[in-house]
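Listed below are the residues making up each chain.
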Amino acid sequence: MWKTINNGNGTYQDIGQGPAVVLIHGFSENNEVWKPQQEALSGDCRLILPNLPGTGKSQLTEGLTIAAMADYVYSILLAENIKEAVVIGHSMGGYVALALLQQHPEVIKGLGLFHSTAAADTEEKKDTRRKSMAFIQQHGGELFTRQTIPNLFSPATKTKKPELVEACIDMCVQCPDESLIAYTNAMMQRPDLTGLLTSVTTPVLFVIGKDDNAVAPASVIQQVMLPKTSNVFIFEEVGHMGMWEKIEASNHLLKQFISFCQL
C-alpha cells in the first residue's frame, strides 16, 4: 500500500504484517530496488519502503543531508506508531540507517549495511564526487547514470545477466538531476560513524560484494569486528547490487538476520 507523509510531500510503501523492517534505497535509486525482496519478506514482516526526498514522488527538500533523510525515515516510523524496527540500507541508504541509529538508537532493532560503510569519504572519494556533480551539471544526469551504473555490477553479472544492468539504468534515470547533485553532496559531507559501531548494542549485518567498485570490500571488512554482534556475508561474483545479482541468497540472508534480531 502506498502512503504519504509530510502533507503529501513524501511517499512510502507499507506491505505485509509482522515485525517492522525498513528497507532504504541508495543513491539515484527508488524503493523499487527492493522489489525482488518484497514478496519473499512481506509474508513474515511488515515492510516499510520509503522513497527518500528527491526520488519517486517524494519532493526534494532544500539543504538535504544524510541526517535529514534519517529524520524523514523517523517521521514515517512515528506516523505508523512503530516503536522499533530492523533497518537495512543499501549504499547511501546504509548511511541514512547509521544516521538514524545515531539520532534514535531506541528504534533500531537491527542494523543492516547492504554494500555500505560507516566510514566517511576519503579526500580522493570527495574529489570524485565533486567531479560527478560537475559532470551532471554540464552533461545531465541521464548520461551520468548510463555511464556509471554498469560499474555497480560484477563482471560475471554483466556477462550473464546484462538485462539486470539495463533494468537498473531504467530505474535510476528517473532520478532528477537536482536530486543526484543533492545526494552526492550529502554523501560527501557525511561524518565518520565508525565509532558508532563500537557502541551499538543491536545486531549489525554487513553484506559485502567481492567485486564492489563503489564500497571497497577491504574497508568494510575492517569494520565487522567493531559491533558486539555482527553478521557478515561476502558474495562471490557480486558488485554493489547483491539484492539483484543474487536474489535468492540475498532474500535468505535477510530473512535469517531479521529472525535473529527478534530473538
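Structure first, text after, so check above.
Rules used in this analysis
Residues numbered from 1 in each chain as written. Predicted model: local features only at pLDDT ≥ 70, side-chain atom pairs only at ≥ 80, totals over all residues. Heavy atoms only, no water. Buried < 20%, exposed > 50% of the residue type's maximum accessible area, 1.4 Å probe, protein only. Helix = DSSP H or I, 4+ residues; strand = E, 2+ residues; numbered from the N terminus. Arc of directions from axis to C-beta. Phe/Tyr/Trp six-rings, centres within 6.5 Å; stacked < 30°, edge-to-face > 60°. Contact = heavy atoms within 4.5 Å. 1 Å grid on protein atoms, 1.4 Å probe; cavity = no way out; pocket = protein on both sides within 12 Å on 5 of 7 lines; lining within 4 Å. Points joined across faces, edges and corners; volume = space filled by probe spheres on them. Nonpolar A, V, L, I, M, F, W, Y, C, P; charged D, E, K, R; others polar. Pairing = 2+ DSSP bridges. Axes fitted to C-alpha atoms, helices over the stretch in contact; angles between N-to-C directions.

1. Structural notes on helix α5 (residues 141-148)
Move 1: Buried residues of α5: Gly141, Phe144 and Thr145, and no others. Along α5, the residues classed as buried sweep out an arc of 100 degrees about the axis, all on the same side.

2. Focus: the packing of aromatic side chains
Move 1: Enumeration according to the criterion identifies 4 aromatic pairs in this entry.
Move 2: Ring geometry for phenylalanine 27 versus phenylalanine 144: centroids 6.4 Å apart, planes at 90 degrees, classification edge-to-face. Of this pair, phenylalanine 27 sits in the loop between β3 (20-24) and α1 (35-42) while phenylalanine 144 sits in helix α5, and the two are 117 residues apart along the sequence.
Move 3: Taking the relative accessible area as the measure of exposure, phenylalanine 144 reaches 9% and is therefore buried.
Move 4: Ring geometry for phenylalanine 27 versus tyrosine 183: centroids 6.4 Å apart, planes at 75 degrees, classification edge-to-face.

3. Things to note about the environment of alanine 214
Move 1: Within the secondary structure layout, alanine 214 lies in the loop between β7 (204-209) and α10 (217-221).
Move 2: On the accessibility criterion, alanine 214 (28% relative accessible area) is partly exposed.
Move 3: With residues near it in sequence (within four places) discarded, alanine 214 still touches Lys125, Leu152 and His240.

4. As for the layout of surface pockets
Move 1: In this structure, the largest pocket spans a volume of roughly 560 Å³.
Move 2: Secondary-structure elements contributing two or more residues to the lining of the largest pocket are α4 (123-139), α5, α7 (162-172) and α8 (177-189).
Move 3: Counting residues per element, the lining of the largest pocket draws most heavily on α4, at 4 residues.
Move 4: Of the residues contributing to the lining of the largest pocket, the split by class is 11 nonpolar, 11 polar and 3 charged.
Move 5: Each pocket or cavity is described by its volume, and for the second largest pocket that value is around 280 Å³.
Move 6: Thr117, Ala120, Ala214, Ala216 and Ser219 are, among the 16 residues lining the second largest pocket, the residues nearest its centre.
Move 7: In terms of residue class, the lining of the second largest pocket is made up of 6 nonpolar, 6 polar and 4 charged.

5. Some words on the sheet that holds β7
Move 1: Read across the sheet, 8 strands follow the order β1-β2-β4-β3-β5-β6-β7-β8 without closing on themselves; strand pairing throughout is mixed. The open sheet is flanked by β1 (2-5) and β8 (230-235), the only strands paired with a single partner. Along the sheet, successive strands turn relative to each other by an average axial angle of 20 degrees, direction set aside.
Move 2: For β7 and β8, the ladder comprises 6 bridges, and the chain directions are parallel. Pairing of valine 207 across the sheet is with phenylalanine 233, part of β8.
Move 3: Contacting β2 (10-15), β3 and β4 (46-51), α1 crosses the sheet at an angle of about 160 degrees to β4.
Move 4: Contacting β1, β2, β3 and β4, helix α2 (residues 66-79) runs over the sheet at an angle of about 140 degrees to β4.

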